[in-house]
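# Observations on chain architecture
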Amino acid sequence: MNIKLIEETYLKKINQFIKYNKSYYLESNSIISDSDFDILKKEILQLEDRYTFLRNKKSPSLSVGFKPSKNFQKIKHKVAMLSLGNAFNEEDLENFEKKIINFLSLKNSNSIEYSAEPKIDGISASLIYVNGKLTKGLSRGDGNEGEDITQNIKTIKDIPLEITLSNFPEEIDIRGEVFIENDDFKKINDKFANPRNAASGSLRQKNSLITAKIPLKFIAYTYGYEKKMNINDQTSFLENLKLWGFKTNPFNKKIIGVKNLILNHKKLEKKRKELAFDIDGIVYKVNDFDLQKRLGFAANAPRWAIAHKFSANSSTSEIMNIEIQIGRTGALTPVAKIKPVNIGGVIVSNATLHNEDEIIRKDIRVGDTVTVERAGDVIPHVVLVDLKKRKQNSKKFIFPLKCPSCGSKTIKDYNEITKKQDAVRRCASEGFECEKIAIERIKHFVSKDAFNIDGFGKKIVENFWNLKLIRLPQDIFMLNYSKVEELEGWGKLSVANLKFSIEEKKNISLERFIYSLGIRHIGQENAKLIARHLKTSPNFFQLSGESNIENLSNIDGIGNTQIQSIKKFFLNRTNRKVLNELEKNLLIKDVILINSKGLLKNKTFMLTGKLNGISRAEAKSLIEQNSGKIISNVNKKLDYLISGEKPTVQKVNTAKDWNIKVINQAEWLKMLNKSS
Ligand code: IVH
């Protein structure tokens, strides 16, 4: 065949492929049999294989399907929209401040200045302004990717469409909360349970003419990214927002020290009911932008901000039954089924009893009258038993010693750090052998921070499990779609959407992949550390050998608990089978360090002794920001041992013996072009 003919044949096949694909995904109409479609796909791939100059954007080798017609287009946030950690009392706030003081290596007597902002319970939105014009409005989505809701956003009167003031940044992503005031909600509350749902529903519906009729409000409070903004702290930023024409919260305050935060919290909590909108706490942000930058982010939330929730609402009810739920890690959690009560506007019928020890300590029994508390989005829990109302024939609750799901024995771990037995009893089976654990592990696998498969929620996992469509994580990638299509509530289009979401997520980062496996003690932060250390998925799959796993102890932050847990995971045959199947079905991306051109590129560091004016945590984060790597043992891979005051002599000696450079703080800072 000559080149021209090859190209023509190829293009013809691509065009057929696009046509069939479109009619299948968008018009829910199959005009070709599945097997013919697969043959066509194969022919295209074979042509591309043989003639490498052939490449088309729409080729099946590059696209996973047709983007299903969803209500809104998805757009990646340039800077992720994160959540906040919670504080419930003075102790939590003291700890929050202590961590900041330690991280920044400040003197304990330093009092930190905060911007305290009432936390409105609405829906967050991101508004992109370019040269003063509102160009895009996005919902939060999963934090990384939001929905393009520009048309609906533009109907909100509080949102300026154009800003001409000279100090308005050239480009900025202004973030804030869209909400409905309580009085307005009362006028339209025929469809929604509470103001938050009403705001979310109105903002995310297709017809912007309907959105325009809902009295949505917007309060601005932060930014994602900016170009040419010259502002040094949060309170000045809030002042500028007002000048630029945004609404800000009238109860925002600048406050110094934890004691004053508490006073302000008490005052505002009293005023809460009189406000025109719902607030569920106060957000505290370290005021100084330079300090915010130094503090940076942990896995999911900034180190420089926290949400101080208002105290819980409570009610009394009666325990009808105590059920044992089994979690992903095998933990047996007792849950009280209570007579439904309204607690602060929400009907509650389940309340957690935490663990076996808690039941014994409070002597909680079926039939007891109890006080149940609920705070914001936290799971309701039983706080106390009214013994005066205890029924005469009541019996102590006997906690099961065998797993109620699979009958295995249960165990309480010994905690090496506290030198005590855990309060939590766990099913001793190894994961997928226990039905309840297996379901919870699959729920975790598809969850937001793991595979994040759109439209594959907890209910669907349970449903598919009951129908025997899934038993192990890999089954998700081999779903019998024609069976799903026959199920009630499913049709061609919804199945095509599900298939698209699943195919789309076959391409996954190593850190998300590791996290998704739900290995005990390997949360997001540890998964990230391990992924960065191993860099590629083959390195992860090869971990099964004991010595390979031991090597992970070189990672600063991974200790014996994590190592033992990973070993246990790899020892289990089913887990190894799952990994094998997943490896075949997925495309796991190698780790590419963001700032791989940093000053410390390809260099490994270890710290010993105390540094001056900078905490260990900040030093670590500074090394990582500059593409360096931290390791926690002196070994052949180590390039520099940074030795501070009172270093461990043995470490310094070993490093010297192995010709590893031992440098002091000043020499290290010089590498970063900084002076001490
Ligand atoms: S700052 C990383 N400021 O709280 C910084 N958030 O749990 C996070 N919220 O999704 C955002 N009032 O919807 C910030 N004054 C305020 C806020 C606020 C309410 C919401 C927001 C966010 C959630 C974080």
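Please read all numbers here as calculations on a predicted model, not as lab measurements.

### Considerations on the overall build of the protein
From N to C terminus, the protein includes 24 helices and 24 strands. When the backbone C-alpha atoms are referred to their principal axes, the protein occupies close to 85 × 75 × 70 Å. Roughly 35700 Å² of accessible area belongs to the protein as shown, and the carbon and sulfur atoms make up 49% of that amount. Each charge class in the protein can be summarised by its mean position, and for the 112 positive and 80 negative side chains these summaries are 1 Å apart.

### Side note on empty space enclosed by the protein
Following the criterion strictly, the structure yields two cavities of 30 Å³ or more and no others. There is about 50 Å³ of room inside the largest cavity. Forming the walls of the largest cavity are I120, D121, G122, F179, I180, N182, P195, R196, A199, F277 and D278. A total of three residues in the lining of the largest cavity trace back to one element, the largest contributor, which is helix α6 (residues 195–203). Tallied by class, residues from the lining of the largest cavity come to six nonpolar, two polar and three charged. Considered as a void within the structure, the second largest cavity measures approximately 40 Å³ in volume. If you trace the second largest cavity, you find it lined by F432, R441, F445, P473, S516, L517 and V578. Across the lining of the second largest cavity, the residue classes break down as five nonpolar, one polar and one charged.

### Section: the packing of helix α3 (residues 90–104) against helix α9 (residues 258–271)
Viewed as axis vectors pointing N to C, α3 and α9 meet at an angle of 140°, and their least axial separation amounts to 10 Å. Classified by the angle between their axes, α3 and α9 sit oblique to one another. The handedness of the crossing between α3 and α9 is right-handed. Residues E90, L93, E94 and E97 of α3 form the contact with α9, whose participating residues are V258, K259, L261 and I262. Looking at side-chain class alone, the contact of α3 with α9 contains four nonpolar, no polar and four charged residues.

### Observations regarding α9
Turn by turn, an α-helix covers 3.6 residues, leaving residues three or four places apart pointing in a common direction. End to end, α9 covers 20 Å across 14 residues, agreeing with the expected 20 Å (1.5 Å per residue, within 8%). Those residues of α9 that are buried lie in contact with α3, β3 (113–120), β9 (253–256), β10 (279–286) and β11 (305–309).

### Notes on the nonpolar core
Among the nonpolar cores identified, the biggest contains 56 residues, and F456, F464, F513 and F540 are the most heavily contacted of them. The contacts of F456, once residues within four sequence positions are left out, are V446, V461, F464, I476, L479, L498 and I502. Listed in part, the 33 residues of the second largest apolar core include A125, F185, A198 and M229.

### Some points on the site of the ligand
Neighbouring the ligand are the residues S83, L84, E117, K119, I120, S124, E177, Y221, V283, K285 and P302. At a separation of 2.7 Å, a nitrogen atom of the ligand approaches a polar side-chain atom of E117. Within the contact set of the ligand, an oxygen atom lies 2.8 Å away from a side-chain nitrogen or oxygen of E177. Protein contacts shield 86% of the accessible area of the ligand, which totals 520 Å² for the unbound molecule. Among the elements of the structure, β3 and β10 are those that each provide at least two residues to the shell around the ligand. Residue contributions to the shell around the ligand peak at three residues, all from β3. Taken together, the residues of the shell around the ligand break down into five nonpolar, two polar and four charged.

### Here we look at the sheet that holds strand β2 (residues 85–87)
Across the sheet, five strands lie side by side as β2-β11-β10-β3-β9; this open sheet has mixed pairing. At either end of the open sheet lies a strand with only one pairing partner, and these are β2 and β9. Taking each pair of neighbouring strands and ignoring which way they run, the sheet shows an average axis angle of 35°. Here β2 pairs with β11 via three bridges, running parallel. If you follow G85 over to β11, its bridge partner there is I306. With respect to the sheet, helix α8 (residues 234–244) is in contact with β3, β9 and β10, its orientation differing from that of β3 by roughly 50°.

### Topic: the side chain of N572
Relative to the helices and strands, N572 is located in the loop between α20 (560–571) and α21 (573–585). The buried category is assigned to N572, whose relative accessible area is 10%. One polar contact links the side chain of N572 to the main-chain amide nitrogen of T574, over a distance of 3.0 Å. Apart from residues lying up to four places away in sequence, N572 is in contact with E430 and E433.

### Quick notes on unusual backbone geometry
The phi dihedral of H354 falls on the positive side, at around 65°, and the residue is not glycine. Residue class for H354 comes out partly exposed when judged on its relative accessible area of 38%. One non-glycine residue, S627, lies in positive phi territory at about 70°. Checked against the element boundaries, S627 lands in the loop between α22 (616–625) and β22 (629–630).

### Re the confidence of the model for the protein
Averaged over every residue, the pLDDT of the protein is 89; residues scoring 70 or more account for 94%. Low pLDDT (under 50) marks residues 64–69, which in the prediction has 20 contacts with non-local residues, meaning those over four places away or in another chain.

### Remarks on α8
Burial in α8 covers these residues: Q234, T235, F237, L238, N240, L241 and W244. Buried residues belonging to α8 abut β3, β7 (171–179), β8 (217–227), β9, β10 and α10 (289–295). Positive backbone phi, at 105°, marks G245, one or two positions downstream of α8.

Cut-offs applied
Residues numbered from 1 in each chain as written. Predicted model: local features only at pLDDT ≥ 70, side-chain atom pairs only at ≥ 80, totals over all residues. Heavy atoms only, no water. Helix = DSSP H or I, 4+ residues; strand = E, 2+ residues; numbered from the N terminus. Areas by Shrake-Rupley, 256 points an atom, 1.4 Å probe, with all protein chains shown as cover. Lys, Arg positive; Asp, Glu negative; His and termini not counted. Charge placed at Lys NZ, Arg CZ, Asp CG, Glu CD. 1 Å grid on protein atoms, 1.4 Å probe; cavity = no way out; pocket = protein on both sides within 12 Å on 5 of 7 lines; lining within 4 Å. Points joined across faces, edges and corners; volume = space filled by probe spheres on them. Nonpolar A, V, L, I, M, F, W, Y, C, P; charged D, E, K, R; others polar. Axes fitted to C-alpha atoms, helices over the stretch in contact; angles between N-to-C directions. Parallel < 35°, antiparallel > 145°, perpendicular 65-115°, else oblique. Left-handed = near helix turned anticlockwise from the far one by under 90°. Contact = heavy atoms within 4.5 Å. Expected span 1.5 Å × (residues − 1). Core = buried A, V, L, I, M, F, W, Y, C linked by side-chain atoms within 4.5 Å. Buried < 20%, exposed > 50% of the residue type's maximum accessible area, 1.4 Å probe, protein only. Near = heavy atom within 4 Å. Polar contact = N/O pair within 3.5 Å; in protein donor to acceptor, adjacent residues only side chain to side chain. Pairing = 2+ DSSP bridges. pLDDT = per-residue confidence, 0-100.

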